[in-house]
Amino acid sequence: MKSFQKLTEGLGRQRRKDQVPPSPANELSESSTQDSSPKFPDGVEVWHDCSGATVDICFIHGLTGDRTSTWTARGESIPWPKTLLPLELHTARILTYGYDAYVVRNTVAGTNNLLRHANNLLNDLTTDRSLHNSSTRPLLFVTHSLDGLVCKKAILLSRGNPEAHLRGIFNCTKGIIFMGTPHKGSWMAKWASLPASALSLMKSTNTSLLKILKTDNQLLEDIQNDFLLMIRELRERNRRLEVTCFYEELPLPGCDKVVSEESATLEGYNSLSIHANHSDMVRFSSASDNGFRRLLGELHRWKGEVNFLRGQTSLCRERQAKRSFNGSDENPRKRRRTARGDYPQVSSSQGVGQVAQSPVIRRRSPWDTLKDLFTCDLAGPVSIAVHEKDPSKVIAVRAFSKKKADIWLQVLQQTHHPNVISANEIFKDHGMTYFIVDDLPLTLEHLVACDIFPSELQLASILAQVLNGLSHLLENGFEHQSLTCSNILLGQDGTIQIGALEHCIEREPQQSQTQILRSLANITMFLMQKYLKPDGVIGVDGTRWQSDSLEFLSATASVATIQDLRKAR
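Here is what the cut-offs are and how they apply
- Every chain is numbered independently, its residues counted from 1 as its sequence is written.
- Under the rules for a predicted model, residues below a pLDDT of 70 receive no local features and side-chain atom pairs below 80 are neither given nor counted, while totals for whole chains, interfaces and linings still include all residues.
- Water and hydrogen atoms were dropped before computing side-chain values, which therefore reflect all heavy atoms in the structure.
- Strands here mean DSSP runs of E at least two residues long; helices mean DSSP runs of H or I at least four residues long; both are numbered from the N terminus.
- A 1.4 Å probe rolled over the protein chains alone gives each residue an accessible area, and that area as a share of the maximum for its type sets the label: buried under 20%, exposed over 50%, partly exposed in between.
- Two residues qualify as a contact provided that any one of their heavy atoms is within 4.5 Å of a heavy atom in the partner residue.
- Throughout, the Shrake-Rupley method with a 1.4 Å probe supplies accessible areas, and for residues the shown protein chains are the sole cover considered.
- When a carboxyl oxygen of Asp or Glu lies within 4 Å of a side-chain nitrogen of Lys or Arg, that pair is called a salt bridge.
- By definition, two strands form a pair when at least two bridges between them are found by DSSP.
- Structural elements are reduced to axes, namely lines fitted to C-alpha atoms, with helices fitted over the stretch in contact, and the angle between N-to-C directions of any two is expressed from 0 to 180 degrees.
- Nonpolar cores are built from buried Ala, Val, Leu, Ile, Met, Phe, Trp, Tyr and Cys residues. Side-chain atoms within 4.5 Å join them into one set.
- Domains are outlined according to an automatic or database domain assignment.
- Oblique is the label for any angle not covered by the other classes, which are roughly parallel (under 35 degrees), roughly antiparallel (over 145) and roughly perpendicular (65 to 115).
- In a left-handed crossing the near helix is turned counterclockwise from the far helix by less than a right angle, and in a right-handed crossing that turn is clockwise.
- Three classes are used, and their members are as follows: Ala, Val, Leu, Ile, Met, Phe, Trp, Tyr, Cys and Pro are nonpolar, Asp, Glu, Lys and Arg are charged, and the others, Gly among them, are polar.
- Two N or O atoms count as a polar contact when they lie within 3.5 Å, although within protein this holds only if one can serve as hydrogen donor and the other as acceptor, and sequence-adjacent residues are included solely when both atoms are side-chain atoms.

- Within an unreviewed UniProt entry, the label attached to the protein reads Protein kinase, and the organism entered is Aspergillus oryzae.

Quick look at the structure:
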């Protein structure tokens with residue numbers, strides 16, 4: 001290639017010690033060649049947050065860039081996503097992620113390869129979203145150059161990950177914008193074959209990131225094939241992952257385009273050009289910049305689609321919560337039945353002494369016959385779906401890798417109770433086990449977050465059902481180690497089910513139940529006043545509640561077992 005030959009001419013000639021060779025790394029990098037020990041900004045940084053955010057947008061830089069300078073227009077000091085986007089996307093939380101993508105550096109160049117960067121991105125972003133209570137919030141990516149490959153690999157690592165919390169990135173990603181991403185490689189890979197002395201007389205080098213850009217690189221090909229296969233499978237499940245590709249119109253000074261239009265685009269997906277070179281295609285100085293307007297158009301469209309779906313779901317959930325627990329909606333017969341604390345009344349010994357009949361396990365994917373509508377968090381990640389041929393009934397699909405799936409299977413085989421979650425169907429496919437369960441659309445956490453309180457009768461009903469379910473688990477040799485409001489499911493008709501069975505462990509009959517009783521006390525306090533008292537004190541403030549409820553709460557601290565508590569109530 002002539003441009004490459006021009007760039008490499010004279011690399012072997014003697015240079016003055018203060019000269020820097022004209023490599024793409026120097027052309028693309030914004031780091032100062034004068035700084036012998038540059039600070040490297042890595043990890044997640046929040047550029048903009050807002051109350052009631054409906055979507056996370058994460059910007060990730062490319063080769064030789066960093067999380068700030070890559071997105072900062074020449075002559076500006078603040079990245080444009082931080083100044084321009086909040087004015088246009090009012091309910092978006094805007095993030096940036098940094099990693100060491102320098103090929104040459106005055107001191108020591110990083111040695112991480114693409115797989116390690118992808119794994120770090122997956123873990124760091126998952127942690128940030130968890131800390132900001134946004135683990136189930138829809139996620140959009142804007143990637144530049146090499147990071148498009150890092151992002152694709154991170155999503156592939158998230159998909160089917162044995163750790164449930166790491167699958168959230170795959171479940172929540174709704175769209176990716178690739179800006180100058182070399183899906184099929186780049187001529188810059190040829191720099192990986194040059195000796196370190198040619199790239200820089202006084203710098204440390206890491207050419208592993210360049211090597212993957214070779215058009216015949218096996219890892220590049222595998223990532224591309226796996227990503228396209230993943231998109232196709234999602235489409236077959238009626239879940240669309242939005243993809244838009246941007247490509248550069250101009251070459252770098254003295255070079256070809258870093259990434260050709262052919263390499264920067266994906267067949268069958270929208271592609272747009274930006275009138276700039278590879279470095280400047282992600283630097284916008286104002287909202288009138290046509291490149292910014294094109295990118296904003298894609299983000300605005302995707303965010304609108306996300307908000308519509310979330311709005312419909314939230315409205316449905318809110319109506320269900322208030323319909324279930326607004327006392328004025330109950331008829332007198334139902335209130336009288338609930339007043340006895342036995343709605344519904346179930347014997348705690350149901351199923352004791354006999355093995356429950358679990359569904360037959362089908363050796364195929366449930367998505368052959370189901371349509372995936374969306375994923376949310378209800379006592380753990382759950383996909384809400386309908387049957388392709390009969391979409392009238394909504395069902396829930398819970399997927400687990402082997403370790404957690406084995407716990408579910410063990411519990412389901414030995415228990416069967418209306419106040420403990422159960423499976424209607426079970427599927428196994430490609431190392432994952434899928435449990436088809438009833439769609440209970442809420443948890444007690446929703447009730448705690450709601451602006452209404454349950455009545456005395458409703459509180460008695462909830463606690464009676466929780467006690468029934470707990471007693472059944474204990475009598476069959478299981479203890480639930482994560483008994484919280486968020487892990488107790490709530491149906492529209494007031495039905496309660498203990499969920500998150502992956503937190504169950506086997507226990508001996510005489511083991512202490514102190515921790516279970518303490519968890520039940522915390523749940524009761526949250527329902528009664530929506531917060532816990534400091535220093536672990538069991539009790540409630542105010543005069544809202546009558547003696548029966550207060551006596552039950554007090555008894556959680558004085559009795560030794562759940563059975564004793566059942567008798568006390």
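1. Describing the overall build of the protein
Part 1: Along the protein, the regular secondary structure elements total 19 helices and 20 strands.
Part 2: Burial statistics for the protein: of 569 residues in total, 53% are counted as buried.
Part 3: The contacts of the protein with a sequence gap of at least 6 include a subset with a gap of at least 24, amounting to 77%.
Part 4: A total of about 25900 Å² of accessible surface is found on the protein, and carbon and sulfur atoms cover 48% of it.

2. What about the pattern of salt bridges?
Part 1: For the coordinates displayed, the defined rule picks out 14 salt bridges.
Part 2: Of the charged contacts in the structure, one is a salt bridge between Arg301 and Glu242, with a shortest N-O distance of 4.0 Å. Taken together, the residues Arg301 in helix H12 (residues 290-325) and Glu242 in strand E8 (residues 242-248) connect sequence positions 59 residues apart.
Part 3: With a relative accessible area of 35%, Arg301 lands in the partly exposed category.
Part 4: Salt bridges here are not isolated pairs; linked through shared partners, they connect Asp56, Arg93, Asp128, Arg129 and Arg137.

3. Side note on the sheet that holds strand E1 (residues 43-48)
Part 1: Taken in spatial order, the seven strands of this open sheet run E1-E3-E2-E5-E6-E8-E9, and their pairing is mixed. Each edge of the open sheet is held by one strand with a lone partner, namely E1 and strand E9 (270-274). Strand after strand, the sheet turns through a mean of 20° between neighbouring axes, direction not considered.
Part 2: In the sheet, strand E5 (residues 139-144) pairs with strand E6 (residues 173-179) via six bridges, with the strands oriented parallel. Along E6, the bridge assignment pairs His144 with Met179.
Part 3: Of the strands in this sheet, E1, strand E2 (55-60), strand E3 (92-98) and E5 touch helix H5 (residues 114-131), which is tilted by about 145° from E3.

4. Points about the nonpolar core
Part 1: Of all hydrophobic cores here, the largest spans 58 residues; its most connected members are Trp408, Phe435, Leu444, Leu501, Leu527, Ile562 and Leu565.
Part 2: If you count residues domain by domain, this core takes at least three from each of domain 2 (360-437) and domain 3 (442-566).
Part 3: Ignoring sequence-local partners within four residues, the contact set of Leu444 consists of Ile462, Cys485, Ile488, Ile496, Ile523 and Leu527.
Part 4: Counting 37 residues, the second largest nonpolar core, distinct from the first, contains Leu114, Leu125, Phe227 and Ile231.

5. Details of the packing of helix H17 (residues 514-529) against helix H18 (residues 547-558)
Two packed helices can be described by the angle between their axes and the distance between those axes.
Part 1: Between H17 and H18, the shortest axis-to-axis distance is 8 Å and the interhelical angle comes to 150°. For the element pair H17 / H18, the angle class is roughly antiparallel. Crossing hand, H17 versus H18: left-handed. Listed contacts from H18 to Leu517, Leu520, Ala521, Thr524, Met525 and Met528 of H17 are Ser549, Leu550, Phe552, Leu553 and Thr556.
Part 2: Of the residues that constitute the contact of H17 with H18, the class distribution is eight nonpolar, three polar and no charged.

6. Some details on the side chain of Asp56
Part 1: Note that Asp56 resides in strand E2.
Part 2: The buried category is assigned to Asp56, whose relative accessible area is 0%.
Part 3: Here the side chain of Asp56 touches Arg129 through a polar contact of 2.9 Å, side chain to side chain.
Part 4: In this structure Asp56 touches Arg93, Leu95, Arg129, Ser134, Arg137, Pro138, Leu139 and Leu140, once residues within four positions along its chain are discounted.

7. Thoughts on the sheet that holds strand E15 (residues 432-438)
Part 1: One open sheet holds the six strands; their spatial order is E10-E14-E15-E13-E12-E11, and the pairing between them is mixed. The outermost strands of the open sheet, each flanked by one partner alone, are strand E10 (361-362) and strand E11 (370-377).
Part 2: Relative to E15, strand E13 (residues 394-400) runs antiparallel, the two sharing six bridges. When the bridges of E15 are listed, Ala399 appears paired with Tyr434.
Part 3: Along the sheet, helix H14 (residues 402-414) contacts E10, E13, strand E14 (425-429) and E15; its crossing angle with E15, the most-contacted strand, is approximately 45°.

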